[in-house]
Every structure is written in C-alpha cells, then in structure tokens.
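# Observations on chain architecture
The chain contents come next:
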Amino acid sequence: MRLSGSITALATPFDVDGELDLDAWVRFIDLQLEGGTEAMVVAGSTGEAAALFDSEFDVLLRMAVERVGGRVPVIAGTGQSATARTIEQTRRAAALGADAALVVTPAYVRPTQPGLVAHYRAIADDGALPILLYNVPGRTGVDMLPATVAQLAGHPRIVGIKEACSEPQRMQELLALRADDFAVLTGDDATACRAILAGADGVISVASNVLPRSFRRLCELARNGKGAAATGWSERMADIYAFLCVESNPIPVKALLARQQIGAGLRLPLLPLSAAHHDAAVAVAAAIRELELACDAHVAG
C-alpha cells in the first residue's frame, strides 16, 4: 500500500442529542469523494475516537468501507494506550474491511523509545493490517524520534508515518527514511505545502474536512513541483489554518461542518466553539466557500 496526497482525518458527526448522525456520515463521505480526497481516516483524534463506543467504531468504519467501495483507502484509527488493546482494535478494523490502521503512540503512559519499537513491532507482527505510525507528542506526551522510526521503517507491515511535529528539521530527518514501501506524511496543515515540496508524500489533514478540493489542489501543485503556485494557494488558506487552532481540535472544524449540516456538536469533555469565535467562524466559512468554488472553476476551465 502506498498512501499519498490529500488524506482527510474525518470528524465524526453527532446529532443534537449526541448520537451518531449516520445520514450526515454518508453525506460527508460522499462530499469527500466528490472533492477528490485520496484516502480517509475513520476514528482518529479528529473523529473523537476516545469518545466512541466499540459498537460506534464498528458502524462508522463498516459504513465508510461500504460507501467508499474501494475508490480510496479507508484507514482506521486503532491506537490505544496498551499494546494488546491496540492489536485487538486493529484486528477489529481488519474484520470490518479497513485497508490500513493509523496507530498513534500510546497516550499518557509515555513509553521509552525502545518501548515504542517493541510496541509497533508487536502490532505489525500480528499482521492484521498495514500499519501507519503516528507521532503527535502534543496530544500523547511521548515523542517518537526519527532514530526510532528508522528502526521500524523496514518492517514489511509498517507502511509509513504521519508526523505532526512541524519543525523542518524533523521532516528532513524523516524524509531520509522515505522509500517505495515507506511513506512520509505530515499531520500539520499549515506546513503541509512546505513538507510536500521538500519530498513528503502528502498530508493527513484536519482542514480538508471543509476544504477537500482545496487540499487536493494544494497536494497536486506541490507534488508536481509547482512551488510558487502551491505556496500561494496555501497562503490563501492561512486564516483558515489559524481558525482551526483557536480551540482544541476538532472544536473549530466541527463548528464549520455544522454550518454545512454535517453534524451538530461534540461529546464531553469537549464543548462547542466559544461565542468569542463565532464571528470568525462566519468569516472563515465564507472564505471556504470562495476557495472551494475557485477549485471548481479551475477544474471547469
């Protein structure tokens, strides 16, 4: 499996009572496919995986696999704080038809670097699915260093890494590990253009929840080496990147999705977007419409 391009970390739509909004889920997946998204992550951190029951994980993943119908890869977020539980969740995802598993470093327990190597090797050796490593120290409390990734990159069932650290030096160290069977993906929207121009395979994005066409275009420009055009396009999205960080992810992006009738809220302990940011949400929603229409006009032209 080779993962590349614009990959969306899907938000999970809930209705006003906090239950899964499965009608919105289907519409959301269709909108992503129409927008050119090249793969989708179900039940990642943007999908509020920690707030989902196992039965909800099952129905979301099963429906996504069925709706996508093999057109793009469906990746399941299966990372847990214990190795045995991660293996169990990855097997569950495989049985439901996922194409790969996104496995975040174990949150809260803070394993050592050798512990991370043992953790990921055990999951990969189990063989249920191809594994995509995921490093996001700001959420988990542990940073998987490039030297540790190097020990894992040669495993035949480990197919790449999503790196959320935005520092250029970190990306450069990881790009040295990139190979035909090991993809390097950024998990930071604001620096995705820079990373792809430097050689990264693509981005697993929060912003592409509301900007699927724009992120597909950004990735295509950057992958084709059109640096000035890609950079200019990314700069047009700078205010949107900033808005998506005004409160904890996925609060801002779900406020924008609600304006598109994709879901109505979050689950505790997350709260809806603060009133102080409502005016900004209105302005950002308008900018999103303009950018997505511009992409449609570009394709039509």
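Before reading further, recall that the structure is shown in the block above.
Residues numbered from 1 in each chain as written. Predicted model: local features only at pLDDT ≥ 70, side-chain atom pairs only at ≥ 80, totals over all residues. Heavy atoms only, no water.

### Concerning the overall build of the chain
Within the chain one finds 13 helices and eight strands. Here the C-alpha atoms of the chain give a radius of gyration of 18 Å, agreeing with the 19 Å that 2.2 N^0.38 yields for 301 residues. For the chain, the computed accessible surface area is about 12,700 Å², with 53% contributed by carbon and sulfur atoms. Looking at charge distribution, the chain has the averaged site of its 26 positive side-chain charges lying 3 Å from that of its 34 negative ones. (Helix = DSSP H or I, 4+ residues; strand = E, 2+ residues; numbered from the N terminus. Rg over C-alpha atoms; globule rule 2.2 N^0.38 Å. Areas by Shrake-Rupley, 256 points an atom, 1.4 Å probe, with all protein chains shown as cover. Lys, Arg positive; Asp, Glu negative; His and termini not counted. Charge placed at Lys NZ, Arg CZ, Asp CG, Glu CD.)

### Points about the side chain of Ser234
Position of Ser234 relative to the elements: it lies in helix α10 (residues 227–236). What makes Ser234 buried here is its relative accessible area of 8%. Excluding its chain neighbours within four sequence positions, the residues that come into contact with Ser234 are Ala190, Cys193, Leu218 and Tyr241. (Buried < 20%, exposed > 50% of the residue type's maximum accessible area, 1.4 Å probe, protein only. Contact = heavy atoms within 4.5 Å.)

### Examining the nonpolar core
Ranked by size, the top nonpolar core spans 82 residues in total, and within it Val42, Leu61, Tyr120, Ile131, Leu133 and Leu211 carry the most contacts. With six residues, the top contributor of residues to this core is helix α13 (residues 278–300). With near-sequence residues (within four places) excluded, Ile131 lies in contact with Thr90, Ala101, Val103, Tyr120, Ile123, Ala124, Arg157, Ile158, Val159 and Gly160. If you look at the next biggest cluster of nonpolar residues, it comprises 14 residues, including Leu3, Ala100, Leu102 and Val104. (Core = buried A, V, L, I, M, F, W, Y, C linked by side-chain atoms within 4.5 Å.)

### Notes on the packing of aromatic side chains
Using the criterion set out here, one finds one aromatic pair in the structure. Here the basic side chain of Arg217 rests over the ring of Trp233, its NZ or CZ set 4.3 Å away from the ring centre. (Phe/Tyr/Trp six-rings, centres within 6.5 Å; stacked < 30°, edge-to-face > 60°. Lys NZ or Arg CZ within 6 Å of the ring centre and 35° of its normal.)

### With respect to helix α12 (residues 251–258)
Where burial is concerned, most of α12 is hidden: seven out of the eight residues are buried. All of the buried residues in α12 are Ile251, Pro252, Val253, Lys254, Ala255, Leu256 and Leu257.

### Describing the pairing of strand β6 (residues 158–163)
Most of β6 sits inside the fold, with six of its six residues counted as buried. Here strand β5 (residues 131–135) pairs with β6 via five bridges, running parallel. Within the sheet, the bridge partner assigned to Asn135 lies in β6 and is Glu163. Pairing between β6 and strand β7 (residues 183–186): four bridges, direction parallel. (Pairing = 2+ DSSP bridges.)

### Structural notes on the environment of Ser274
Note that Ser274 resides in the loop between α12 and α13. For Ser274, a relative accessible area of 32% gives the class partly exposed. Residues Ser274 and Ile251, 23 residues apart in the sequence, show an inter-C-alpha distance of 9.2 Å.

### Observations regarding the packing of helix α3 (residues 83–95) against helix α4 (residues 113–126)
Relative orientation of the contacting elements α3 and α4 amounts to 30°, with a least axis distance of 10 Å. As summarised for this structure, α3 and α4 are arranged roughly parallel, according to the angle between their axes. Regarding α3 and α4, the two cross each other, and that crossing is right-handed. On the side of α3, the interface is formed by Thr83, Thr86, Ile87, Thr90 and Arg91, while α4 contributes His119, Ala122, Ile123 and Asp126. (Axes fitted to C-alpha atoms, helices over the stretch in contact; angles between N-to-C directions. Parallel < 35°, antiparallel > 145°, perpendicular 65-115°, else oblique. Left-handed = near helix turned anticlockwise from the far one by under 90°.)

### Observations concerning the pairing of strand β3 (residues 74–77)
Every second residue of β3 is oriented toward a common face, with Val74 and Ala76 on one face and Ile75 and Gly77 on the other, all of them buried. Alignment of strand β2 (residues 39–42) against β3, held across three bridges, turns out to be parallel. Each bridged residue has a counterpart across the sheet, and for Met40 the counterpart in β3 is Val74. Note that the unit made of β2, helix α2 (residues 54–68) and β3 has a crossover that is right-handed. By the bridge criterion, three bridges tie β3 to strand β4 (residues 100–104) in an arrangement that is parallel. Across the sheet, residue Gly77 finds its bridge partner in β4, namely Leu102. Crossover β3 to β4 through α3 is right-handed. (Right-handed = clockwise from strand over helix to strand, strands pointing away.)

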